[in-house]
Amino acid sequence: MPRIVVDAVHKDFKLRHTHSIKETFVAAVKRKPLTTDFHALDGVSFEIGEGESVALLGFNGSGKSTMLKLISGVLTPDQGRVLTRGRVAGLIEVGAGFHPDLSGRENIYLNAAILGMTKKETDDRYEQIVEFSEIEQFIDTEVKHYSSGMFLRLAFSVAIHTEVDILLIDEILSVGDEPFQKKCLARIRQLHDQGKTLVVVSHDLDMVASLCERGILLRGGKIAFDGASDEAVGKMRA
Ligand SMILES: Nc1ncnc2c1ncn2[C@@H]1O[C@H](COP(=O)(O)OP(=O)(O)OP(=O)(O)O)[C@@H](O)[C@H]1O
């Protein structure tokens, strides 16, 4: 049974053509369109099975992040369906659920809850989360005083220690220092070995080719290729 089904999905965004009230008025009088629809995703279908690791590839603006947000449920499709089975954790806008006035410790519990963990599950993993983040010393400090790297470490650590079936990762490995990136990558590989389903968006083509078996190449909101990741990367570089 597939973990993710994307069925004939369309997603449009409206592009504005006016900047001021005057321009809007003139355009309305001249009966010019104030906005046009832009097809970010234009009839995309694929299925991802249990335990697969899939890279979404494509040049800037090809629709990768939009696709990931549809899978995570942050966006909904205009047409078609996106179905997921199991718990989904998105490393998309890392730290989006963090509250600046709460301490690191309080934010761990808050975010784990947002990601669907019970208090007991979080208690059991609390030590691991803090250890992985390497910011034990600051755990009772309000996160508004954290550096951006510390903030990221904690947010990432919470996300990858939650009980999930599907992990969505958007260009996250480009942030954080190199030792931390390596550690995150190792942890992601470990989750994959445990049978978790991964969907990864990154411009680091060598990294995704080694992490993912399958690559889906998007071009202008449509699927240009779906197959082995090294072949997909080859097509991107061609
Ligand atoms: N909220 C929005 N409103 C208007 N247009 C949007 C919105 N979100 C995305 N788009 C447009 O949809 C297209 C696809 O964007 P998306 O972020 O999915 O691309 P991407 O493949 O992830 O690009 P990148 O490699 O640059 O991250 C882009 O042209 C973008 O401008």
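On a predicted model such as this, the values are computed, not experimentally measured, just so you know.

### Some remarks on the sheet that holds strand β3 (residues 53-57)
Part 1: Strand order across the open sheet formed by six strands is β5-β6-β7-β3-β8-β9, with mixed pairing between neighbours. Unpaired on one side and paired on the other, β5 (88-91) and β9 (222-228) mark the two borders of the sheet. The sheet shows a mean angle of 15 degrees between the axes of neighbouring strands, direction not considered.
Part 2: Across five bridges, strand β6 (residues 166-170) lies against strand β7 (residues 197-201) in parallel orientation. Residue pairing for β7: L168 is matched across the bridge by V199.
Part 3: The strands that helix α8 (residues 229-237) touches are β3, β8 (214-219) and β9; relative to β9, the one it contacts most, it runs at about 135 degrees.

### Concerning the pairing of β5
Part 1: A one-sided burial pattern is seen for β5, the buried positions being A89 and L91 and the unburied ones V88 and G90.
Part 2: Relative to β6, β5 runs parallel, the two sharing four bridges. By the bridge assignment for β6, A89 is matched with L167.

### Focus on the nonpolar core
Part 1: In terms of nonpolar packing, the biggest core is built from 28 residues, with L57, L91, F156, I160, L167, V200 and L211 touching the most fellow members.
Part 2: Sorting the residues of this core by element identifies β3, β5, α5 (148-160), β6, α6 (178-193), β7, α7 (205-211) and α8 as the ones contributing at least two each.
Part 3: In terms of residues, this core owes the most to one element, α6, which gives five residues.
Part 4: Apart from the residues within four sequence positions on either side, V200 is in contact with V54, A55, L56, I169, V208, L211 and C212.
Part 5: Among the nonpolar cores identified, the runner-up in size contains 19 residues, and V9, V44, I166 and V199 belong to it.

### Points about the sheet that holds strand β4 (residues 79-84)
Hydrogen bonds along the backbone pair up the strands of a sheet, which may run parallel or antiparallel.
Part 1: Pairing is antiparallel in the open sheet, where three strands are placed in the order β2-β1-β4. Each of the sheet's edge strands pairs with one partner strand only, and the pair in question is β2 (35-49) and β4. The mean angle between the axes of side-by-side strands here comes to 25 degrees, regardless of whether they run parallel or antiparallel.
Part 2: With five bridges joining them, strand β1 (residues 2-16) and β4 adopt antiparallel strand pairing. In the strand pairing of β4, V6 is matched with V82.
Part 3: Running over the sheet, helix α2 (residues 64-72) touches β1, β2 and β4 and is turned about 65 degrees from β2.

### A closer look at the pattern of salt bridges
It is possible for side chains bearing opposite charge to pair when their charged atoms get close.
Part 1: Counted according to the given criterion, the structure contains 22 salt bridges.
Part 2: E50 is the partner of R3 in a salt bridge, and the nearest nitrogen-oxygen pair spans 3.1 Å. Within this pair, whereas R3 is found in strand β1, its partner E50 is found in the loop between β2 and β3, the two being separated by 47 residues in sequence.
Part 3: In this structure R3 comes out as buried when scored by relative accessible area, which is 10%.

Conventions we followed
- Residues numbered from 1 in each chain as written.
- Predicted model: local features only at pLDDT ≥ 70, side-chain atom pairs only at ≥ 80, totals over all residues.
- Heavy atoms only, no water.
- Pairing = 2+ DSSP bridges.
- Helix = DSSP H or I, 4+ residues; strand = E, 2+ residues; numbered from the N terminus.
- Axes fitted to C-alpha atoms, helices over the stretch in contact; angles between N-to-C directions.
- Contact = heavy atoms within 4.5 Å.
- Buried < 20%, exposed > 50% of the residue type's maximum accessible area, 1.4 Å probe, protein only.
- Core = buried A, V, L, I, M, F, W, Y, C linked by side-chain atoms within 4.5 Å.
- Salt bridge = Lys/Arg side-chain N within 4 Å of Asp/Glu carboxyl O.

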